[in-house]
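Notes for the structure review
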Amino acid sequence: LLVGCTPLYLSDTHTTSTPRSQFFDVAELSREPVATLGLVSPASLQGFNPPLSHALNAALSEVSPPIRGIAAHETVNMLNEKGQAAQYGALIAGFGRAGVLEREPLQRIGSALSSRYVLLPGLAEFNQVIIDRLSIYGWNLIQSRVTTLRLWLQLWETQTGKILWESAGEVTVATKLLRSEQTVALDDIAQKLWLRMIQDNLLEGKSRSRFILSD
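So, a few notes on the structure that sits alongside this text.

Within the protein one finds 5 helices and 7 strands. Along its sequence from the N terminus, the protein presents helices and strands in the succession β-β-α-β-α-α-α-β-β-β-α-β. Taking all 215 residues of the protein together, 46% fall into the buried category. The long-range share in the protein, meaning contacts at least 24 apart out of those at least 6 apart in sequence, stands at 76%.

Put into structure tokens, the structure is as follows:
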């Protein structure tokens, strides 16, 4: 990734997904609201939930055709107003234990949100390292920050409790540090990865996608 003359910005993105369910018409996602549940992540990474959730909402509005997403914070507000906060907490906790959204609680959540479909996002890994190396001419030391982000996304039907589709994506970003405080915004990285997962793997039905960008 960092051989030769390093560009100011280099990104390598890979996504993969299951095939869409044959009983699911993807066009429905643009016709009715799709609620986004809170990001599932390890306890040590929960501080990244707000920016990554906002990035997912931005990606939903950017895909073509756009998906009418209900942002995670709006989902929580609606459920709290309708007295479903405890039910929602139990649903997510159950997913953490068993890896499944239980059908009956999911039905009640879907009814409270008036949403037939919900998206469940997850953060698998976030890591940053600084790499030092000599320039190609050996005259000076070059520092690069390498950021790795791994995300996953699932689409569930609330009334049947079926998972209709899921995808996982990984992006590695290398930034040549001209200043010690220089960085690439995490929400920008996440938005591009969410966008590729949704556009390529969900809306266009591809099972694998790879993208390399150099600036």
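What follows deals with helix α5 (residues 186-203). In this model α5 runs 24 Å from its N-terminal to its C-terminal C-alpha over 18 residues, within 8% of the 26 Å that 1.5 Å per residue would give. Listed in full, the buried residues belonging to α5 are Leu-186, Ile-189, Ala-190, Leu-193, Trp-194, Met-197, Ile-198, Gln-199, Asp-200, Asn-201, Leu-202 and Leu-203. Where α5 terminates, the next one or two residues include Gly-205, which has phi positive at roughly 75°.

This part is about the packing of helix α3 (residues 85-98) against helix α4 (residues 103-113). What describes two packed helices is the angle between their axes and the distance between those same axes. At their nearest, the axes of α3 and α4 sit 10 Å apart, and the two run at 135° to each other. Here α3 is positioned oblique relative to α4, judged by the angle of their axes. At the point where α3 passes α4, the crossing takes the left-handed sense. Residue-level inspection shows Gln-87, Tyr-88 and Leu-91 of α3 in contact with α4, the latter providing Pro-105, Leu-106, Arg-108 and Ile-109. When grouped by side-chain class, the residues that make up the contact of α3 with α4 number 5 nonpolar, 1 polar and 1 charged.

What follows concerns the side chain of Thr-148. Considering the arrangement of structural elements, one finds Thr-148 in strand β5 (residues 141-157). Residues contacting Thr-148, with those up to four places away along its chain left out, are Glu-125, Phe-126, Asn-127, Glu-170, Val-171 and Thr-172.

The next point concerns the nonpolar core. Counting residues in each nonpolar core, the largest one holds 34 residues, and the members touching the most others are Leu-29, Ile-67, Leu-149, Leu-155, Trp-194, Ile-198 and Leu-202. Put simply, the parts of the chain that give this core at least two residues each are α1 (49-62), β4 (117-134), β5, β6 (162-176) and α5. The element best represented in this core is α5, accounting for 9 residues. When near neighbours in sequence (up to four residues on either side) are disregarded, Leu-202 contacts Arg-20, Phe-24, Val-26, Leu-29, Ile-67, Leu-155, Trp-165 and Met-197.

The subject of this paragraph is the environment of Val-34. Along the chain, Val-34 turns up in strand β2 (residues 34-36). Assessed through its relative accessible area of 1%, Val-34 is described here as buried. Residues Val-34 and Trp-156, 122 residues apart in the sequence, show an inter-C-alpha distance of 9.9 Å. Residues in contact with Val-34, not counting those within four places in the same chain, are Leu-29, Ile-67, Arg-68, Gly-69, Ile-70, Ser-115, Tyr-117, Val-118, Leu-119 and Leu-155.

Turning to the packing of aromatic side chains, a few remarks are in order. Remark: the centre distance and the inter-plane angle together describe each pair of aromatic rings, the angle taken between the planes. Tallied over the entire structure, the rule returns 3 aromatic pairs. Taking the centre distance of 5.4 Å and the plane angle of 70° together, the rings of Phe-24 and Tyr-117 count as edge-to-face. A residue pair is termed long-range when its members are at least 10 positions apart, and Phe-24 in the loop between β1 (9-17) and β2 and Tyr-117 in strand β4 qualify at 93 residues. Comparing Phe-24 with Tyr-117 shows no difference in burial state: the two are buried.

Cut-offs applied
Within every chain, residues take consecutive numbers counted from 1 along the sequence as written. Confidence filtering applies because this is a predicted model: local features only for residues at pLDDT of at least 70, side-chain atom pairs given and counted only at 80 or more, and all residues used for totals across whole chains, interfaces and linings. Neither water nor hydrogens contribute to the side-chain values; these are computed over all heavy atoms in the structure. By definition, any uninterrupted DSSP run of H or I lasting at least four residues is a helix, any uninterrupted run of E lasting at least two residues is a strand, and each is numbered from the N terminus. Buried, partly exposed and exposed residues are distinguished by accessible area as a fraction of the type maximum, computed with a 1.4 Å probe on protein chains only: under 20%, between the cut-offs, and over 50%, respectively. Here, residues are in contact when the closest pair of their heavy atoms is within 4.5 Å. Expected helix span is computed as 1.5 Å times (number of residues minus one). What counts as an axis is a line fitted to C-alpha atoms, over the stretch in contact for a helix, and the angles between N-to-C directions run from 0 to 180 degrees. Small angles under 35 degrees read as roughly parallel and large ones over 145 as roughly antiparallel, with 65 to 115 read as roughly perpendicular and the rest as oblique. Helix crossings are classified by the rotation of the near helix relative to the far one: an anticlockwise turn of less than a right angle makes the crossing left-handed, while a clockwise turn makes it right-handed. Under the scheme applied here, ten amino acids are nonpolar (Ala, Val, Leu, Ile, Met, Phe, Trp, Tyr, Cys and Pro), four are charged (Asp, Glu, Lys and Arg), and all others, including Gly, are polar. In these notes, a set of buried Ala, Val, Leu, Ile, Met, Phe, Trp, Tyr and Cys residues joined through side-chain atoms within 4.5 Å is what counts as a nonpolar core. Each Phe, Tyr or Trp ring, with Trp reduced to its six-membered ring, pairs with another whose centre is within 6.5 Å; inter-plane angles below 30 degrees give stacked pairs, above 60 give edge-to-face pairs, and intermediate values give tilted ones.

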